[in-house]
Amino acid sequence: ETGVTQTPRHLVMGMTNKKSLKCEQHLGHNAMYWYKQSAKKPLELMFVYNFKEQTENNSVPSRFSPECPNSSHLFLHLHTLQPEDSALYLCASSETSGYTDTQYFGPGTRLTVL
Amino acid sequence: QKEVEQNSGPLSVPEGAIASLNCTYSDRGSQSFFWYRQYSGKSPELIMSIYSNGDKEDGRFTAQLNKASQYVSLLIRDSQPSDSATYLCAVISLAAGNKLTFGGGTRVLVKP
């Protein structure tokens, strides 16, 4: 596969469930990102990892827990979510987190919290 | 004040016409500017990046940057129905720690 892949593409979970989103990039990049896209709102940055180290946590609630075991993989662990967390979760990667580096997005995971 | 502002639209354009999209940003120290296209239910895909004042052309797309006036625009020439999508303006600012900040997007409808 090429580019940035995300699994699952769709996820429905209850508020007491624990689930994980997975992102994998095949571009040889060193920076990876999680974004949240809710209806009628701009894309919101959640987390940034650069060379496996978290460099940005954009005031995200602790019920979202990221993990970056290597530069190619990024996870978002979910637990005790709320219905307002229902959104499209997008993963992106770039060569580094420098200001000239273009971010490439995966297809997203459509999350519904019941 | 929103950091990156776009008119939400929809911008209705006849097929073959030029679509003109505008984006303004608040951080004067912004360094890098991107236009992404997002089809309904899909993820954003990069159309163009621009870093210095002036015009940058790529096929039917032209990005224009004016840092003094803090705006960046996107022109789509010979608009096609397949150009119907939401266009996202995104800006990177050193002051914001190189975070990519998105506008709310402009929805474009190209009518045959």
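Positions within a chain are numbered from 1, following the residues in the order the chain's sequence is written. Here the convention is simple: chains get letters from A, ligands get numbers from 1, in the order in which they are written. In keeping with the model being predicted, local features are shown solely for residues with a pLDDT of at least 70 and side-chain atom pairs are shown and tallied solely at 80 or more, while totals for entire chains, interfaces and linings include all residues. Based on all heavy atoms of the structure, the side-chain values leave hydrogens and waters out of the count.

## Thoughts on the interface of chain A and chain B
So, step 1. At the interface, 19 residues of chain A touch 19 residues of chain B.
So, step 2. Summed over both partners, buried area is the accessible surface (1.4 Å probe) that two parts give up on being assembled. Buried area between chain A and chain B, summed over both chains or domains, comes out near 1600 Å², and the portion from carbon and sulfur atoms is 58%.
So, step 3. Just to be clear on terms, a salt bridge is a Lys or Arg side-chain nitrogen sitting within 4 Å of an Asp or Glu carboxyl oxygen. In this assembly, chain A and chain B are joined by 1 salt bridge.
So, step 4. In protein, a polar contact requires one atom able to donate a hydrogen and another able to accept it; more generally it is a pair of N or O atoms within 3.5 Å, and residues adjacent in sequence count only if both atoms are side-chain atoms. Taken together, the links from chain A to chain B amount to 5 residue pairs in polar contact (both at pLDDT 80 or more).
So, step 5. Put simply, the parts of the chain that give the side of chain A that touches chain B at least two residues each are β4 (31-37) and β9 (87-94) of chain A.
So, step 6. Partitioned by chemical class, the residues of the side of chain A that touches chain B number 9 nonpolar, 8 polar and 2 charged. In what follows, residue pairs with any heavy atoms lying within 4.5 Å of each other are defined as contacts. Helix and strand labels come from DSSP, where a helix needs a run of H or I of at least four residues and a strand needs a run of E of at least two; each type is numbered from the N terminus. The nonpolar class holds Ala, Val, Leu, Ile, Met, Phe, Trp, Tyr, Cys and Pro. Asp, Glu, Lys and Arg form the charged class, and all remaining residues, Gly among them, are polar.

## What about the pattern of salt bridges?
Opposite charge on two side chains lets them pair, provided their charged atoms get close.
Residues and elements named next belong to chain A.
So, step 1. For the structure shown, the criterion picks out 6 salt bridges over all chains.
So, step 2. Across the pair D85 and R63 runs a salt bridge whose closest N-O atoms are separated by 2.7 Å. With D85 in the loop between β8 (73-79) and β9 and R63 in the loop between β6 (53-57) and β7 (64-70), the pair connects residues that are 22 residues apart, well separated along the chain.
So, step 3. Exposure classes here rest on a 1.4 Å probe applied to the protein chains alone. A residue is buried below 20% of its type maximum, exposed above 50%, and partly exposed in between. Using a relative accessible area of 2% as the deciding quantity, one classes D85 as buried.

## Here's the deal with the environment of T106(B)
Residues and elements named next belong to chain B.
So, step 1. Note on placement: T106 falls in strand β11 (residues 106-111).
So, step 2. For T106, a relative accessible area of 6% translates into the label buried.
So, step 3. For the pair T106 and N7, spaced 99 residues apart in sequence, the C-alpha separation works out to 5.7 Å.

## Here's the deal with the packing of aromatic side chains
So, step 1. To pair, rings of Phe, Tyr and Trp, with the six-membered ring standing in for Trp, must have centres within 6.5 Å; the planes then decide the type, stacked if under 30 degrees apart, edge-to-face if over 60, and tilted in the middle. This structure, assessed with the given rule, holds 10 aromatic pairs over all chains.
So, step 2. Seen in terms of ring centroids, F105(A) and Y36(B) are 5.5 Å apart; in terms of plane orientation they differ by 90°. Their pairing is edge-to-face. Pair noted here: F105(A) is in strand β10 (residues 104-105) and Y36(B) is in strand β4 (residues 30-38), and the two residues belong to different chains.
So, step 3. Using a relative accessible area of 1% as the deciding quantity, one classes Y36(B) as buried.
So, step 4. Between F34(B) and Y36(B), the aromatic rings sit 6.5 Å apart at their centres with planes inclined by 40°, giving tilted as the arrangement.

## Digging into the sheet that holds β7(A)
Adjacent strands of a sheet pair through backbone hydrogen bonds, lying either parallel or antiparallel.
Residues and elements named next belong to chain A.
So, step 1. In this description, strands pair whenever DSSP reports at least two bridges between them. Strand order in the open sheet formed by 4 strands is β1-β3-β8-β7, with antiparallel pairing between adjacent strands. Each having just a single partner strand, β1 (4-7) and β7 make up the two edges of the open sheet. Here the average twist between neighbouring strands, direction ignored, is 20°.
So, step 2. Sheet analysis places strand β3 (residues 18-25) next to β8, joined by 7 bridges and oriented antiparallel. When the bridges of β8 are listed, E24 appears paired with H73. Angles shown run from 0 to 180 degrees and are taken between the N-to-C directions of axes, each axis being a line fitted to C-alpha atoms and, for helices, limited to the stretch in contact.

## Topic: unusual backbone geometry
So, step 1. Residues T7(A) and P8(A) are joined by a peptide bond in cis, for which omega reads -10°.
So, step 2. Looking at the element boundaries, P8(A) is found in the loop between β1 and β2 (10-13).
So, step 3. Following G9(B), the chain continues to P10(B) via a peptide bond in cis, the omega torsion being 10°.
So, step 4. Topologically, P10(B) is positioned in the loop between β1 (4-6) and β2 (11-14).
So, step 5. Phi at Q70(B) takes a positive value of approximately 60°, unusual for a residue other than glycine.
So, step 6. Structurally, Q70(B) can be placed in the loop between β7 (61-66) and β8 (71-76).
So, step 7. We classify Q70(B) as buried; its relative accessible area is 12%.

Scope: geometric values only; no functional claims are made or implied.
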